[in-house]
Amino acid sequence: MKSKAISGIVLALLIASIVIANIGTVLAQLEADFDGDKDVDIQDVRRCARAFGSMDHDDPATSRIENATWDPVVDIFPEGGDGYINIFDLRQVCKYYGYGT
Ligand SMILES: [Ca+2]
Ligand SMILES: [Ca+2]
(Lines give C-alpha, C1' and ligand atoms only; values in the text may rest on other atoms or scores of the structure.)
(Ligands and ions follow the chains in the order given, each with its own letter.)
Protein backbone atom coordinates (compact mmCIF):
# COMPACT_ATOMS: atom_id res chain seq x y z
CA MET A 1 0.00 0.00 0.00
CA LYS A 2 2.76 2.42 1.01
CA SER A 3 4.84 1.57 -2.09
CA LYS A 4 1.83 2.28 -4.34
CA ALA A 5 1.46 5.72 -2.75
CA ILE A 6 5.16 6.43 -3.28
CA SER A 7 4.90 5.21 -6.89
CA GLY A 8 1.95 7.55 -7.39
CA ILE A 9 3.90 10.50 -6.02
CA VAL A 10 6.94 9.67 -8.17
CA LEU A 11 4.72 9.38 -11.24
CA ALA A 12 3.03 12.72 -10.45
CA LEU A 13 6.42 14.42 -10.02
CA LEU A 14 7.64 12.90 -13.31
CA ILE A 15 4.57 14.14 -15.19
CA ALA A 16 4.88 17.59 -13.57
CA SER A 17 8.54 17.86 -14.60
CA ILE A 18 7.70 16.87 -18.19
CA VAL A 19 4.88 19.45 -18.32
CA ILE A 20 7.14 22.19 -16.91
CA ALA A 21 9.92 21.33 -19.39
CA ASN A 22 7.47 21.46 -22.30
CA ILE A 23 6.03 24.81 -21.22
CA GLY A 24 9.50 26.35 -21.70
CA THR A 25 9.80 24.80 -25.16
CA VAL A 26 6.34 25.97 -26.20
CA LEU A 27 7.08 29.52 -25.02
CA ALA A 28 10.34 29.53 -27.01
CA GLN A 29 8.50 28.22 -30.07
CA LEU A 30 5.88 30.94 -29.75
CA GLU A 31 8.67 33.51 -29.55
CA ALA A 32 9.85 32.38 -33.00
CA ASP A 33 6.32 32.82 -34.42
CA PHE A 34 6.85 36.44 -35.44
CA ASP A 35 3.65 36.92 -37.41
CA GLY A 36 1.44 35.31 -34.77
CA ASP A 37 -0.18 32.74 -37.06
CA LYS A 38 0.52 29.96 -34.56
CA ASP A 39 3.24 28.27 -36.59
CA VAL A 40 6.92 28.75 -37.29
CA ASP A 41 7.27 28.58 -41.03
CA ILE A 42 9.20 30.10 -43.92
CA GLN A 43 7.55 33.51 -43.37
CA ASP A 44 9.08 33.69 -39.89
CA VAL A 45 12.49 32.61 -41.22
CA ARG A 46 12.17 35.19 -44.03
CA ARG A 47 11.40 37.98 -41.57
CA CYS A 48 14.47 37.13 -39.51
CA ALA A 49 16.64 36.78 -42.62
CA ARG A 50 15.46 40.18 -43.85
CA ALA A 51 16.83 41.80 -40.68
CA PHE A 52 20.00 39.71 -40.72
CA GLY A 53 23.10 41.81 -40.04
CA SER A 54 21.21 44.78 -38.64
CA MET A 55 21.67 46.52 -35.31
CA ASP A 56 19.33 48.52 -33.10
CA HIS A 57 21.43 51.63 -33.68
CA ASP A 58 23.45 53.17 -36.48
CA ASP A 59 27.19 53.27 -36.08
CA PRO A 60 28.28 56.75 -37.26
CA ALA A 61 31.80 55.46 -37.84
CA THR A 62 30.67 53.37 -40.82
CA SER A 63 29.06 54.36 -44.12
CA ARG A 64 26.51 51.56 -43.78
CA ILE A 65 23.18 52.28 -42.06
CA GLU A 66 23.13 49.38 -39.62
CA ASN A 67 19.59 49.95 -38.38
CA ALA A 68 17.95 50.31 -41.81
CA THR A 69 16.44 46.80 -41.67
CA TRP A 70 16.30 46.53 -37.88
CA ASP A 71 13.36 44.49 -36.59
CA PRO A 72 13.25 44.21 -32.77
CA VAL A 73 10.75 41.33 -32.89
CA VAL A 74 13.27 38.94 -34.45
CA ASP A 75 16.00 39.71 -31.91
CA ILE A 76 15.28 36.59 -29.85
CA PHE A 77 18.78 35.44 -28.97
CA PRO A 78 20.07 35.71 -26.35
CA GLU A 79 16.85 35.79 -24.38
CA GLY A 80 15.59 39.37 -24.36
CA GLY A 81 17.72 40.29 -27.36
CA ASP A 82 21.14 41.87 -27.68
CA GLY A 83 20.57 44.59 -30.28
CA TYR A 84 22.02 42.52 -33.13
CA ILE A 85 20.38 40.18 -35.62
CA ASN A 86 22.92 37.51 -36.38
CA ILE A 87 23.26 33.79 -37.02
CA PHE A 88 22.19 32.97 -33.47
CA ASP A 89 18.80 34.66 -33.93
CA LEU A 90 18.34 32.88 -37.26
CA ARG A 91 19.41 29.58 -35.73
CA GLN A 92 16.81 30.02 -32.99
CA VAL A 93 14.02 30.43 -35.56
CA CYS A 94 15.24 27.46 -37.59
CA LYS A 95 15.42 25.38 -34.43
CA TYR A 96 11.63 25.68 -34.06
CA TYR A 97 10.84 25.53 -37.78
CA GLY A 98 7.76 23.40 -38.35
CA TYR A 99 6.22 24.07 -34.97
CA GLY A 100 2.45 24.34 -35.25
CA THR A 101 2.22 23.09 -38.84
CA1 LIG B 1 4.39 32.24 -37.98
CA1 LIG C 1 20.23 38.86 -31.26
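Rules used throughout
- Residues numbered from 1 in each chain as written.
- Chains lettered and ligands numbered in written order.
- Predicted model: local features only at pLDDT ≥ 70, side-chain atom pairs only at ≥ 80, totals over all residues.
- Helix = DSSP H or I, 4+ residues; strand = E, 2+ residues; numbered from the N terminus.
- Axes fitted to C-alpha atoms, helices over the stretch in contact; angles between N-to-C directions.
- Parallel < 35°, antiparallel > 145°, perpendicular 65-115°, else oblique.
- Contact = placed C-beta atoms within 7 Å.
- Nonpolar A, V, L, I, M, F, W, Y, C, P; charged D, E, K, R; others polar.
- Core = buried A, V, L, I, M, F, W, Y, C linked by C-beta atoms within 7 Å.
- Buried ≥ 20, exposed ≤ 12 C-beta atoms within 10 Å, placed from the backbone.
- pLDDT = per-residue confidence, 0-100.
- Expected span 1.5 Å × (residues − 1).

## Describing unusual backbone geometry
In terms of backbone geometry, most residues other than glycine have negative phi values and most peptide bonds are trans.
For step 1, the next point in the chain: The omega torsion across Phe77 and Pro78 is -5 degrees, close enough to zero to call that bond cis.
For step 2, the next point in the chain: Along the chain, the position of Pro78 falls in the loop between helix H2 (42-50) and helix H3 (87-95).
For step 3, the next point in the chain: We note that Lys38 has phi near 70 degrees; this positive angle belongs to a residue other than glycine.
For step 4, the next point in the chain: Residue position: Lys38 is located in the loop between helix H1 (2-31) and H2.

## Comments concerning the environment of Ile42
For step 1, the next point in the chain: Assignment of secondary structure puts Ile42 in helix H2.
For step 2, the next point in the chain: Along the sequence, Ile42 and Thr69 sit 27 residues apart, while their C-alpha atoms lie 18 Å from each other.

## Quick look at the packing of H2 against H3
For step 1, the next point in the chain: As a packed pair, H2 and H3 sit with axes 10 Å apart at the nearest point and diverge in direction by 180 degrees. When the axes of H2 and H3 are compared, the pair comes out roughly antiparallel. Between H2 and H3, the residues in contact are Asp44, Val45, Cys48 and Ala49 and Asp89, Leu90, Val93 and Cys94, respectively.
For step 2, the next point in the chain: Among the residues making up the contact of H2 with H3, the classes are represented as six nonpolar, no polar and two charged.

## Remarks on the nonpolar core
For step 1, the next point in the chain: Membership of the largest hydrophobic core is limited to ten residues, which are Ala32, Val40, Cys48, Ala51, Val74, Ile76, Phe77, Ile85, Val93 and Tyr96.
For step 2, the next point in the chain: The contacts of Phe77, once residues within four sequence positions are left out, are Phe88, Asp89 and Gln92.

## Here we look at the confidence of the model for the chain
For step 1, the next point in the chain: Of the residues in the chain, 100% reach a pLDDT of 70 or more, and the chain-wide mean stands at 90.
For step 2, the next point in the chain: Confidence, read as mean pLDDT per element, is least for H1 in the chain (81) and greatest for H2 (97).

## Side note on H1
For step 1, the next point in the chain: Taking 1.5 Å per residue as the helical rise, H1 with its 30 residues ought to reach 44 Å, and the 44 Å between its terminal C-alpha atoms agrees with that figure.
For step 2, the next point in the chain: Little of H1 sits inside the fold, with zero of its 30 residues counted as buried.

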